[in-house]
Amino acid sequence: MSMVRDLSLADVGQLKVDFAARRMPVLSALVERFSESKPFIGQRIAACLHVTTETANMCRALVAGGAELALCASNPLSTKDDVAATIQRDIGAEVFAIYGCDRETFYQQVQGVLAIRPTIVVDDGADLTTTIHNDYPQLLDEIIGGTEVTSTGVLRIRNMATDGALRYPVLPTNDAATKHLFDNRYGTGQNTIDGILRATNVLLAGSVFVVVGYGWCGRGVAMRARGMGAKVVVTEVDPIRALEAKLDGLDVMTMDQAAAVGDIFVTVTGNRDAITYAHLQQMKDGAVVCNSGHFDVEIAVSELQANATARRELRPNCVEYKLSNGRGVILLAEGRLVGQSAAEAHPAEVMDMTFATQALGVQYLIENAARLEPGIVPIPRSIENDVASAKLRAYGIQIDELSAGQQQYLTDWRVGT
Amino acid sequence: MSWLVSDPDEDLVQRGRAALALARSQMPLLDGIQREAAESRPLAGHRLVGCVHLTKETGVLVQLLVASGAEVAWTGGDEVSTQDEVAAALAVEGVRVFGRRGMTTAEVGEAAAEAFGAFSDGPTMILDNGAHLIEMAAASLDRHPQLRGATEKTSEGSRRVRELGATIDFPFPVVSVNDVVTKWEVDNTYGTGQSTLDGILRATGMFLAGKRFVVCGFGHVGRGVALRARGMGARVVVVCRSAKTAVRARLAGFEVLPLESAARTADIVCTATGRPDVVTAEHLDLLPSGAVLCNTGHSTAEINLADLQARTVSTEQVRPHVRRHRLDDGRYLDLLSGGGLVNLDAAEGNPSEVMDVTFANQALVTLGLGGRPDRYAAGVQDVDAAQDEDVARRKLAAMGVRFDGSDQPAGTTRGVGEDKSA
């Protein structure tokens, strides 16, 4: 009943998954820990994630812990068919993911995963969570809790909680420092640059590189673009973040101003309409536009496609649209996540921390099921410290501890000037 | 048989034209120079033979030469880099193209010889990449009194040309277009710096932030690789043999170490020296298991592959450009692109806008040799500072950048050519 492109791709996929495992020491340690303690016995986990080598390694940890697992793709363009095949054949999850499938098949895959009657929901973008609440309320009674890994998904689930619609406890993995400080900043930072290079092979040195949004992802993209020699411009709607960008040494301006001067644009806002059709019309001939925010709503793609006088695929993931003003705009990966689509999703080292945080979160939900109420559950500090300490150990780095005197100083209000 | 491309498939021609148009849109300098030269036609009456990898970017250079009035014969000088669609599009424009993608080394030589002999009266001008044609000319100077000039683009070819110049009196100018700020700064430092990181990322998909990244060599290429690796968050260590280079690296904020110290903790070692045997047995024995080895210098000999092979008990291809060597002591090392150029093999080499600047230098010298032959004396020489400045100004104008000398006539501002020691 699984849906994968071709099981015979599993041999190739397995090599890639093992290659990634070498760079995921924290998660690999969890696989060992869970194989002994079996914290997930009796649990049925429905997961909706990018089907990549790193996800495969988290699947390994969950299955090692005794879970019955079903996995579907959170984005049809990020699925690696060979990896999907090995998760199905070698790791033993039911997989529903085919690269580039259409919208209808995509939702069939979500249904396929829900057939497991989950007790735990592991989500990426909140599609599974919202589908369950809207279309499969009969499943809610058996669900102990869920986790959500992205900023965008956490925002959606917070909105559900505010509306009183959320019916089980959700651990927002994205809120963990061991997730957003590293995955969003360094992971998205690197793989956005990687995706742009693979899709275009343009020279970044000396280019005007516009980062739309200065959240954790935007900070990372801006840092790496500057590291590659670009002149970085930031646009923001939040005064504090705009000020931070300014004092980080970057140019801050409005999107209207940036549109006319940029060579390359990356949207990382988590909101819709960050680059409108009016902005696209102001751009220089040959401007490159792409998105590294979760959904493909940040750039006015459909308006661009509807109004373009010509469309030309220059390279894979790289399409030029001619506008009526005679200029061309180059859109990467159809406005979907450029790193996931044109490069290879996040590097294993980063997902190591994200997925270790996620897996420990699942364990926490199960262990505390009795006392957790429906709603957003704060990430326990112990999980963050556990993951960060394990990562430092893997790097072979030692750090200092507070002395008794220092600890006392921090808790004593009597010492002052 | 002849390697001349004739009657190419129409579909191939169309694809070639599209590729050339795409490259041209990213090559504003060549496009601008072509528009000027199409008016003055400084190469009218000249017969030019060129030997440069026949990519779409090279194709734009060839179109410029044709527009400047020259009759042109071309060959790629390489086994695999000729793009047949580009060859086809140029062939129907009247260029005599010799060779195709997928030739043996011997066939590459045959095609080059055919190109050199393409004109019954012999060539008047040579445009070279690796000194293949210049060597042919040097061996038959008495039979080619019609030759008026030659240019050479690579470091390796320029070295060879200087060697030849030490024993042969070339009766025409032979200009090395390598040792110019606008060539090495744009091409070697920033072009190869970026494409090397790009190659490592495409080959491995590895996370660079926090990695111990050892760069061997801190010349133009090594400096570019070090800058870009640091920009991606790596902890960069520079290894080099020259005291002056080492002090420059240290003051740029890089850690400088002997390779035998750096190797002990390296996550990645990238060679960029232009010398053989940089990474040898003694270093291979020190590297931690899982270290990545790659090269972006000209030759495949920078990492001593025989030493690596001698310690290898088995290998497996873990990704398209990653060969994992399992060593006799239980460690493994990942070799990228077989120790060849990782930026060309795993990534795409230099972006079009980089080749634009490099070729602008070579094109301007060639046009000058045709239109203003008195500017150059006979014999081997470098590009002069005035042309270097001209190219820099053209690049700034194309980027829309104004500077304090923008409004002053060329040649009156401080020439970038003075910065050669940088």
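Residues numbered from 1 in each chain as written. Chains lettered and ligands numbered in written order. Predicted model: local features only at pLDDT ≥ 70, side-chain atom pairs only at ≥ 80, totals over all residues.

Observations concerning the environment of B:Leu293
All names here are of chain B. For Leu293, the position within the fold is in strand S11 (residues 292-295). In this structure Leu293 comes out as buried when scored by C-beta crowding, with 27 C-beta atoms within 10 Å. Each C-alpha atom, one on Leu293 and one on Val342, is 10.0 Å from the other, the two residues being 49 residues apart in sequence. Not counting the four nearest positions on each side in its chain, Leu293 is found in contact with Val269, Val279, Ile303, Leu333, Asp334, Leu335 and Leu336. (Helix = DSSP H or I, 4+ residues; strand = E, 2+ residues; numbered from the N terminus. Buried ≥ 20, exposed ≤ 12 C-beta atoms within 10 Å, placed from the backbone. Contact = placed C-beta atoms within 7 Å.)

Digging into the UniProt feature "binding site: NAD(+)" (unreviewed entry) in chain B
Residue and element names in this part refer to chain B. As recorded in UniProt, the feature "binding site: NAD(+)" (unreviewed entry) lies at Gly219, His220, Val221, Gly222, Arg223, Gly224 and Asn343. Residue position: Val221 is located in helix H9 (residues 220-231). Under the C-beta neighbour-count criterion, Val221 is labelled buried, with 28 such atoms within 10 Å. Excluding anything up to four places from it in sequence, Val221 contacts Asn188, Thr189, Thr192, Ala272, Thr296 and Gly297. With respect to the helices and strands, Gly224 occurs in helix H9. Among all residues touching Gly224, those that are not within four sequence positions of it are Asn188, Thr189, Tyr190, Thr192 and Gly193. (UniProt positions renumbered as here; feature names shortened; annotations may be inferred.)

What about the interface of chain A and chain B?
At the junction of the two partners, chain A supplies 27 residues and chain B supplies 26 residues. Contributing elements (two or more residues each) for the side of chain A that touches chain B: helix H1 (10-22), helix H8 (177-200), helix H9 (216-227) and helix H15 (348-367) of chain A.

Looking at the packing of helix H1 (residues 10-25) of chain B against helix H3 (residues 56-67) of chain B
Residues and elements named next belong to chain B. The geometry of H1 relative to H3 is characterised by a closest axis approach of 8 Å and an angle of 85° between their N-to-C directions. Taken together, the axes of H1 and H3 are roughly perpendicular relative to one another. Mapping the contact onto sequence places Ala19, Leu20, Leu22, Ala23 and Arg24 in H1 and Lys56, Glu57, Gly59, Val60 and Gln63 in H3. Split by residue class, the contact of H1 with H3 holds five nonpolar, two polar and three charged. (Axes fitted to C-alpha atoms, helices over the stretch in contact; angles between N-to-C directions. Parallel < 35°, antiparallel > 145°, perpendicular 65-115°, else oblique. Nonpolar A, V, L, I, M, F, W, Y, C, P; charged D, E, K, R; others polar.)

Some details on helix H5 (residues 105-116) of chain B
All names here are of chain B. Compared with an ideal rise of 1.5 Å per residue, which puts 12 residues at 16 Å, H5 spans 17 Å between its outermost C-alpha atoms and is within 8% of the ideal. Along H5, the residues that are buried comprise Val108, Ala111, Ala112, Ala115 and Phe116. Relative to the axis of H5, the buried residues are bounded by an arc of 140° and lie together on one face. On its buried side, H5 packs onto strand S1 (47-51), strand S2 (71-75), strand S3 (96-98) and helix H6 (132-138). (Expected span 1.5 Å × (residues − 1). Arc of directions from axis to C-beta.)

With respect to the confidence of the model for chain B
Residues and elements named next belong to chain B. Per-residue confidence for chain B gives a mean pLDDT of 92; residues scoring 70 or more make up 97%. Low confidence marks residues 414-422, where pLDDT is under 50. Its contacts with residues over four positions away, or in another chain, come to 16 contacts. Overall fold confidence for the complex sits at a pTM of 0.85, while the interface term, ipTM, reaches 0.83. (pLDDT = per-residue confidence, 0-100.)

Things to note about the nonpolar core
Ranked by size, the top nonpolar core spans 131 residues in total, and within it A:Val211, A:Ala225, A:Val289, A:Leu332, B:Leu30 and B:Ala115 carry the most contacts. The element that contributes the greatest number of residues to this core is helix H15 (residues 352-371) of chain B, accounting for 10 residues. Setting aside residues up to four positions removed in sequence, B:Ala115 forms contacts with B:Val49, B:Cys51, B:Ala73, B:Trp74, B:Thr75 and B:Phe98. Among the nonpolar cores identified, the runner-up in size contains 128 residues, and A:Ala10, A:Ala73, A:Ile91 and A:Ala348 belong to it. (Core = buried A, V, L, I, M, F, W, Y, C linked by C-beta atoms within 7 Å.)

Points about the sheet that holds strand S13 (residues 322-327) of chain B
Residue and element names in this part refer to chain B. Ordered in space as S9-S8-S7-S10-S11-S14-S13-S12, the eight strands form an open sheet in which the pairing is mixed. Edge positions in the sheet fall to strand S9 (255-256) and strand S12 (312-319), since each of these pairs with one other strand and no more. Summarising the sheet, strand S7 (residues 212-216) and strand S10 (residues 268-271) pair through four bridges and their orientation is parallel. When the sheet's bridge partners are listed, Phe213 is paired in S10 with Ile268. (Pairing = 2+ DSSP bridges.)

Focus on the sheet that holds strand S15 (residues 375-376) of chain A
Think of a sheet as strands paired side by side through backbone hydrogen bonds, with each pair either parallel or antiparallel. Residue and element names in this part refer to chain A. Spatial strand order, S3-S2-S1-S4-S5-S6-S15: seven strands in an open sheet with parallel pairing. The open sheet terminates on both sides in strands that have one partner only, identified here as strand S3 (94-96) and S15. Here strand S1 (residues 44-49) runs beside strand S2 (residues 68-73); their pairing, made up of six bridges, is parallel. Residue pairing in the sheet places Ala47 in a bridge with Leu71 of S2.

Overview of the UniProt feature "domain: S-adenosyl-L-homocysteine hydrolase NAD binding" (unreviewed entry) in chain B
Here, UniProt's "domain: S-adenosyl-L-homocysteine hydrolase NAD binding" (unreviewed entry) annotation points to residues 188-349 of chain B. Spanning residues 188-349 of chain B, this segment combines 35% helix with 24% strand, and its end C-alpha atoms are found 11 Å apart.

A word on the domain arrangement of chain A
Residues and elements named next belong to chain A. Domain annotation for chain A reports domain 1 (7-179 + 346-395) and domain 2 (186-342). One C-alpha centre belongs to domain 1, the other to domain 2; they are set 29 Å apart. At the interface, 12 residues of domain 1 touch 12 residues of domain 2. In terms of residues, the side of domain 1 that touches domain 2 owes the most to one element, helix H7 (residues 151-162), which gives three residues. (Domains from an automatic or database assignment.)

Some thoughts on unusual backbone geometry
Glycine aside, the phi torsion of most residues is negative, and most peptide linkages are trans. Residue and element names in this part refer to chain A. Notably, Asp273 is not glycine yet its phi reads approximately 60°, a positive angle. Positionally, Asp273 belongs in the loop between strand S10 (264-267) and helix H12 (277-282). The exposure class of Asp273 is partly exposed, given the 14 C-beta atoms found within 10 Å. Positive phi, close to 65°, is recorded for Asn317, a residue that is not glycine. Relative to the elements of secondary structure, Asn317 occurs in the loop between strand S12 (310-315) and strand S13 (318-322). On the neighbour-count criterion, Asn317 (22 C-beta atoms within 10 Å) is buried.

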